[in-house]
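Next come the chains, spelled out residue by residue.
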Amino acid sequence: GDSVTQMEGPVTLSEEAFLTINCTYTATGYPSLFWYVQYPGEGLQLLLKATKADDKGSNKGFEATYRKETTSFHLEKGSVQVSDSAVYFCALSLGGGGADGLTFGKGTHLIIQP
Amino acid sequence: DAGVIQSPRHEVTEMGQEVTLRCKPISGHNSLFWYRQTMMRGLELLIYFNNNVPIDDSGMPEDRFSAKMPNASFSTLKIQPSEPRDSAVYFCASSNRGLDGSPLHFGNGTRLTVT
């Protein structure tokens, strides 16, 4: 079946450090790929998305490129802030992201220290 | 846009009791999803509806779980009888199916504790 694998957390970085959170996927078709972020006590929020190979999603300084050849969608940010501390989820959908639900990775807890 | 609204935010109940979780999706969205989040299993899709009709309930763990969507603006997830292993955060999400790449919009969740 379809699945998403993320790097285990927690990931602890200092403010202004470079961030990479790895994500790889397995899917039977051509999925759309997403990164969601969850702040404490809240639901998940869409951070960025890419719907086809070589697309780059970006938002709030975060970027991820859909790499079909490596089945990856790694999340990056050049300079993290304390406010980026949250849990990040990689997800895929074969239905455009809304039609048939998302398959999520287990999440990566990011901690940014001042 | 008030977002997806879930109630209650927290629920503490004793084993064997009935629990009902409620969700109001975003107006105009035609798909609704119930997810469960635990440390061990992460986010699991329990069931989803399209135009108020249940499409896939294969994620519902047991017959103790049931979900309804009587109209486009309301859904419930019921657990009867509840067990301690049902303790988790339950999220409702909605989206506009048919819109390519339409994201899921999540509520803030209901934290359920069964003692």
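Residues numbered from 1 in each chain as written. Chains lettered and ligands numbered in written order. Predicted model: local features only at pLDDT ≥ 70, side-chain atom pairs only at ≥ 80, totals over all residues. Heavy atoms only, no water.

Brief notes about the sheet that holds strand β7 (residues 56-59) of chain A
All names here are of chain A. Here we have four strands laid out as an open sheet, ordered β3-β9-β8-β7, and antiparallel in their pairing. Strands at the two margins of the open sheet, each flanked by one partner only, are β3 (19-21) and β7. Each neighbouring strand pair of the sheet contributes to a mean axis angle of 20 degrees, computed without reference to strand direction. Judged from the three bridges that link them, β3 and strand β9 (residues 75-77) form a sheet pairing that is antiparallel. (Pairing = 2+ DSSP bridges. Helix = DSSP H or I, 4+ residues; strand = E, 2+ residues; numbered from the N terminus. Axes fitted to C-alpha atoms, helices over the stretch in contact; angles between N-to-C directions.)

Here's the deal with the pattern of salt bridges
Per the stated rule, a full pass over the model turns up eleven salt bridges over all chains. Between lysine 52 of chain A and aspartate 55 of chain A there is a salt bridge; the shortest N-O distance is 3.4 Å. Lysine 78 of chain B is the salt-bridge partner of glutamate 18 of chain B, the closest N and O atoms lying 3.9 Å from each other. Of this pair, glutamate 18 of chain B sits in the loop between β2 (10-13) and β3 (19-24) while lysine 78 of chain B sits in strand β8 (residues 74-79), placing them 60 residues apart in sequence. Taking relative accessible area as the criterion, lysine 78 of chain B reaches 30% and is therefore assigned partly exposed. (Salt bridge = Lys/Arg side-chain N within 4 Å of Asp/Glu carboxyl O. Buried < 20%, exposed > 50% of the residue type's maximum accessible area, 1.4 Å probe, protein only.)

A few points about the state of the cysteines
For the structure shown, the criterion picks out two disulfides over all chains. Disulfide pairing is shown between cysteine 23 of chain A and cysteine 90 of chain A; the S-S distance is 2.0 Å. Here the S-S torsion is close to -70 degrees, and the disulfide linking cysteine 23 of chain A with cysteine 90 of chain A is therefore left-handed. Here cysteine 23 of chain A is found in strand β4 (residues 23-26), whereas its partner cysteine 90 of chain A is found in strand β10 (residues 86-93), with 67 residues between them in sequence. For the residue pair cysteine 23 of chain A and cysteine 90 of chain A, the accessibility class agrees, reading buried in each case. Note on cysteine connectivity: cysteine 23 of chain B is disulfide-linked to cysteine 92 of chain B, with sulfurs 1.9 Å apart. Torsion about the S-S bond of the cysteine 23 of chain B and cysteine 92 of chain B cystine: about -65 degrees, corresponding to left-handed handedness. Of this pair, cysteine 23 of chain B sits in strand β3 while cysteine 92 of chain B sits in strand β9 (residues 88-95); the two residues are 69 residues apart in sequence, bridging distant segments of the chain. (Disulfide = S-S within 2.5 Å.)

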